[in-house]
Each structure stands twice: as C-alpha cells, then as structure tokens.
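# Observations on the three-dimensional arrangement
Residue-level listing of the chains:
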Amino acid sequence: MKFFRRLTNNATLKALGPGLITGAADDDPSGIATYSQAGAQFGFNTLWTLVLTYPFMVGIQLVSARIGRVTGKGLAANIRRAYSPWLLYVTVLLLLIANVINIAADIAAMGEAMRLVVGAGPVHLYSLGFGVLCLVLQVLLPYSSYVRYLKWLTLGLLAYVATAFAINMPWTEVIARTVWPHFQFTKDSVALVVAVFGTTISPYLFFWQSSQEVEEIRADRAARALRIGGKDAGKQLRRIKTDTILGMGFSNLVAYFIILTTAVTLGAHGITNIQTSAQAAEALRPVAGEFAFMLFALGIIGTGMLAVPVLAGSAAYAVTESFRWRNGLDLKVVEAREFYGIIALATLGGILLDFAPLDPIKALVLSAQINGVIAVPIMTVMMMLAHNSKIMGQFTLSTRHTLIGWFGVAIMLVAVVAMFVTM
C-alpha cells in the first residue's frame, strides 16, 4: 500500500496525462489487429515502421498540445478562428464518421475478447455492456477522477510486452531486422505499411490531446492559457514535451511488441491472415500457450476501455468547439448537454453498428481511409496555426519542431498517395 501511494504521488507520474492517454489510446483494438497482421504476415520486417514514425508522431502531437495550452482553446476552435467554418465543418463531419466506425470496431473486438476469456456467451451482449460502461464512466465521473481512471488503464497495454517475454524470442535477429529489414515492396506490403502509418498517426488524437490541455487549465484555478499568463510557460512546455515523448514512446513500444509477439508465434507457424484483434488472440492460444493468450485477450479489453472514450470524446470536442457550444469533462451533464449528447450519440452509434449487417473489416478499411484523407489537411492546418503569431503569440514553433512537423506531414502524404495507388 505504501508503494502504491508513493507511486501515485510520484512527480513524473503526475506530469503524465494528455500525452500518455493519447498515446495509449492509439493502440486500440483495431490498431492491435493491424499490428498483429503486420507481425503475422511479414514477421520482423515491419518493425522499422514504428521506429520511423515515432519522431513524427511526437512532433505532430506536440503541436496539437502546444496549441491547446498556449491558446486555452481546442484545435477545432482555433481552426474556426483562422479559417473558413466550412473547412472545419467538412473535416469534423468526416472525423465523426470515422470515429463512430472505429468505436463500433473496438466495441465489437472487446465483446469477442470477453467471449474468448470466459469461453462462451453472447458477443453482442458483451459489446453492449462495454459500450454502456464506457459511456456511463465518461458522463458520471468528474474530470480529475476520469483522468486517473484512464491513466491506470494504460497499464493494461503492458500485457503485450509481458506476452513477448512469456515466449522464446530471438532478440539478436529482432534487433538486426529492426535496423536492417528484409522488406519487399509489393502491393500487400505497401498497403500494410500505409495501414500502420495511418493507425499510428490519427486525426482524433490531435483533437483529443489539444482539448485535454484545455481541460488541464480548467482543472487548475491558478492556471491560465500561456498567451494570457505565461509566467510558468517554460515549465508547462517542458511538461508537455515530457508527457508527449513518453506517451508516444509508450504507444510505439506496445505496437512494437505486438508485432514481435505475433511474428514469433503466428507468423512462424504459418498463420498469416489476421483480420481482427480477437482472431489474433484466439490464434495465439495453440502456439504460445494459455498464459500468452489470456494476456493478449485481456489487453484487448483494457485498451478498448481506454480508446472508446477517447474516440467519442475527441468527436464531442471537435463538434462543440465548431459551434461554440460549452464542453468539457469537468462540467456536469446539465451544463454541457450538447457535449455529452455527442459522446452518447457517438458511443451508441458505434454499438448500433455492431448489430447492423456491416462487415467489420470493410468498416475498419473505410475508417482508415477517411482518417488518412483528413490527416494531411489537418496536420497542414495545425502547422500553419502553430506558426501564426496572432494565434500563438510569442509561442510559435522553433525551427527544429517545424522541420519535424512538416516531415510528418510529408510522411502522411506519401502514405495516403500509396494507399490510393494500391487500392
């Protein structure tokens, strides 16, 4: 108990928040399916993608967090200030569609994982239960409690790291293939790399982290947007940097270990067609043992509980900021009806999709395509906002951050073009 109290009072842990939660939510069940397919189909030869995307992922998430902390407004509100509202409306509509589809896929994966864990039962009923639980927690818990709950849920992702150490792993070969992969540029390999890029850098993460920095300001009565009261600007920007670097590092580390685990188990045993995270867990049981299977399956449930609120919440922030409606997890339902209404609609919409005759794989592909299409213009607008002194005041981006951010935009542009070429 004393250790637990010391851990929760640790200054570094307290500094972690929006960046850690954002990074962990990136490894949602649909992302797990993508990483599992990468490991099963191409073994260790896609590990380099997680190394390549890391600095660009950090760079663009730093931009979104910086915009929120400096201005005291979320990303959608700042886009509306600087550009045509119709650009924002179209972007937010596509974001909402992609998020609802993603919520449906994640809730379905959680239901499937629960069925695997308990050995029987109605998948739809499990999915319904998880969806309602996510919604209730988001609506009823105050922001301070809700963030603590999300922060501890991220530990569920360590199941994938533990799984890798529960099986025999050729570490020398792993390191060698990470640095020097044996990669062939075929249609299937390019499509999978694009999927990994799209899973790693997603628009809903931009809106979420920016708005969570605004929530952090609201939660502290002494805090101000840096443009208004920037006396602790250096401290806050260092905190954001630490939080984002560690959060995105945690995200990519987990993804790396998912690829490792599935490569050395599924891929090595000829199981190369993985389409869902639950299918990956089920295929893992006969080749890696009951313990590895259970860790993998429970991890799907844990990360789903983390990702669904982030997906619904990011959509709610984007829509309410677009129309200047009150928003925030620190507010009660009666104080922000539209905000919580959109969270409810997005979550319930995802649940209803699970009962519709919709192919979950096609739904995930559609969601990835929408995210890929809107990621490039959103990232471009974010970079322009971060350089706009009317928006950011004295806190515009440094040259180093500018280069990293624009390289990230270029990487996603190449990925989107490759996606359409290989379709």
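Residues numbered from 1 in each chain as written. Predicted model: local features only at pLDDT ≥ 70, side-chain atom pairs only at ≥ 80, totals over all residues. Heavy atoms only, no water.

Per an unreviewed UniProt entry, the recorded name for the chain is Divalent metal cation transporter, and the organism is Massilia terrae.

### Here we look at the overall build of the chain
Stated precisely, the cut-off is as follows: We count a stretch as a helix when DSSP gives it H or I for four or more residues in a row; a strand needs E for two or more, and each element gets its number in order from the N terminus. For each residue, the accessible area found with a 1.4 Å probe, counting protein chains only, is set against the maximum for its type, and the residue is called buried under 20%, exposed over 50%, and partly exposed in between. Here, two residues are considered to be in contact whenever any of their heavy atoms come within 4.5 Å of each other. The method behind every accessible area is Shrake-Rupley, applied with a 1.4 Å probe, and residues are considered shielded solely by the protein chains displayed.
The helix and strand tally for the chain stands at 20 helices and 0 strands. The burial tally for the chain puts 57% of its 423 residues in the buried class. Here the analysis covers contacts within the chain between residues at least 6 apart in sequence; of these, 82% occur between residues at least 24 apart. Here the chain displays about 17,600 Å² of accessible surface, and carbon together with sulfur accounts for 66% of that area.

### Details of the pattern of salt bridges
So the rule is basically this: Any carboxyl oxygen of Asp or Glu within 4 Å of a side-chain nitrogen of Lys or Arg constitutes a salt bridge here.
Scanning the entire structure with this criterion turns up 4 salt bridges. In this structure, Arg115 engages Glu112 in a salt bridge whose closest nitrogen and oxygen atoms are separated by 3.2 Å. Within this pair, Arg115 and its partner Glu112 are both found in helix H7 (residues 85–118), separated by 3 residues, close to a single helical turn. Given the relative accessible area of 29%, Glu112 is considered partly exposed. Put simply, Glu213 and Arg239 hold a salt bridge, and the shortest N to O gap is 2.7 Å. One end of the pair, Glu213, is in helix H13 (residues 203–219); the other, Arg239, is in helix H14 (residues 233–265), with 26 residues separating them in the sequence. On the basis of relative accessibility, which here comes to 0%, the residue Glu213 falls in the buried class. Each of Arg69, Glu213 and Arg239 takes part in one network of salt bridges that share partners.

### Section: the environment of Leu413
Within the secondary structure, Leu413 sits in helix H20 (residues 399–422). In sequence terms Leu413 and Val373 are 40 residues apart; their C-alpha atoms lie 8.8 Å from each other.

### Some words on the packing of aromatic side chains
Put simply, the test is: Aromatic pairing here means that ring centres of Phe, Tyr or Trp (its six-membered ring) are within 6.5 Å. Orientation follows from the plane angle: under 30 degrees is stacked, over 60 is edge-to-face, and everything else is tilted.
Applying the stated criterion across every chain yields a total of 9 aromatic pairs. Between Trp171 and Phe257 the ring centres are 6.3 Å apart and the planes differ by 65°, which places this aromatic pair in the edge-to-face class. With Trp171 in helix H11 (residues 171–179) and Phe257 in helix H14, this residue pair connects regions lying 86 residues apart in the sequence. Classification of Phe257 as buried rests on a relative accessible area of 8%. Between Phe339 and Tyr340, the aromatic rings sit 5.2 Å apart at their centres with planes inclined by 75°, giving edge-to-face as the arrangement.

### Quick notes on a positive patch on the surface
The condition that has to hold: In this analysis, a patch consists of residues with relative accessible area above 30% that form no salt bridge, clustered at 9 Å for like charges and at 5 Å for the nonpolar side chains Val, Leu, Ile, Met, Phe, Trp and Tyr. Only four residue types enter the tally: Lys and Arg on the positive side, Asp and Glu on the negative side, with His and both chain ends excluded. Positions of charges follow a simple convention, taking NZ of Lys, CZ of Arg, CG of Asp or CD of Glu.
On the surface, Lys73, Arg81, Arg218, Arg227, Arg324 and Arg326 cluster together into a patch of positive charge. By the element assignment, Arg218 lies in helix H13. Among the residues examined, Arg218 registers a relative accessible area of 38% and is labelled partly exposed.

### Regarding the packing of H11 against H14
The condition that has to hold: The angle between two axes is taken between their N-to-C directions and runs from 0 to 180 degrees, where each axis is a line fitted to C-alpha atoms and a helix contributes only its stretch in contact. Angle categories: roughly parallel below 35 degrees, roughly antiparallel above 145, roughly perpendicular from 65 to 115, and oblique for all the rest. The hand of a helix crossing depends on one turn: near helix anticlockwise from the far one by less than a right angle means left-handed, and clockwise means right-handed. The nonpolar class holds Ala, Val, Leu, Ile, Met, Phe, Trp, Tyr, Cys and Pro. Asp, Glu, Lys and Arg form the charged class, and all remaining residues, Gly among them, are polar.
Taken N-terminus to C-terminus, the directions of H11 and H14 make an angle of 120°; their axes are 12 Å apart at the nearest point. With respect to H14, the element H11 is oriented oblique. Every pair of crossing elements has a handedness; the one defined by H11 and H14 is right-handed. Contacts between H11 and H14 involve Trp171, Val174 and Thr178 on the former and, on the latter, Tyr256, Phe257 and Leu260. For the contact of H11 with H14, the class distribution of residues is 5 nonpolar, 1 polar and no charged.

### Re a nonpolar patch on the surface
Together, Leu125, Leu128, Val132, Val136, Leu140 and Phe355 make up an exposed nonpolar region whose accessible area comes to about 550 Å². Take Leu125: its relative accessible area is 54%, and that puts it in the exposed class.

### Description of H13
Operational definition: Helix span is expected to be 1.5 Å times the residue number reduced by one.
For H13, built from 17 residues, the straight-helix expectation of 24 Å at 1.5 Å per residue is met to within 8% by its first-to-last C-alpha distance of 25 Å. Burial runs high along H13: 14 of the 17 residues are buried.

### A closer look at unusual backbone geometry
At Arg324, a residue that is not glycine, the phi angle is positive and equals roughly 60°. Within the secondary structure layout, Arg324 lies in the loop between helix H16 (290–322) and helix H17 (337–355). Residue classification places Arg324 among the exposed residues on the basis of a relative accessible area of 65%.

### Overview of the packing of helix H10 (residues 158–165) against H14
Contact geometry for H10 and H14: axes closest at 8 Å, N-to-C directions at 40°. Compared by their axis directions, H10 and H14 come out oblique. For H10 against H14, the interelement crossing comes out left-handed. The residues of H14 that touch H10, namely those facing Leu158, Tyr160, Val161, Thr163, Ala164 and Phe165, are Phe250, Val254, Phe257, Ile258 and Thr261. For the contact of H10 with H14, the residue count by class is 9 nonpolar, 2 polar and no charged.

### Let's talk about the confidence of the model for the chain
Our working definition: The pLDDT value tells you how sure the predictor is about a given residue, anywhere from 0 up to 100.
Summary statistics for the chain give a mean pLDDT of 82 and a share of 87% for residues scoring 70 or more. Low pLDDT, under 50, characterises residues 1–10; the predicted model gives this stretch 7 contacts beyond four residues in sequence or across chains.

### Side note on the side chain of His401
By the secondary structure assignment, His401 is in helix H20. With a relative accessible area of 17%, His401 lands in the buried category. Setting aside anything within four residues of it in sequence, one finds His401 in contact with Leu62 and Met383.

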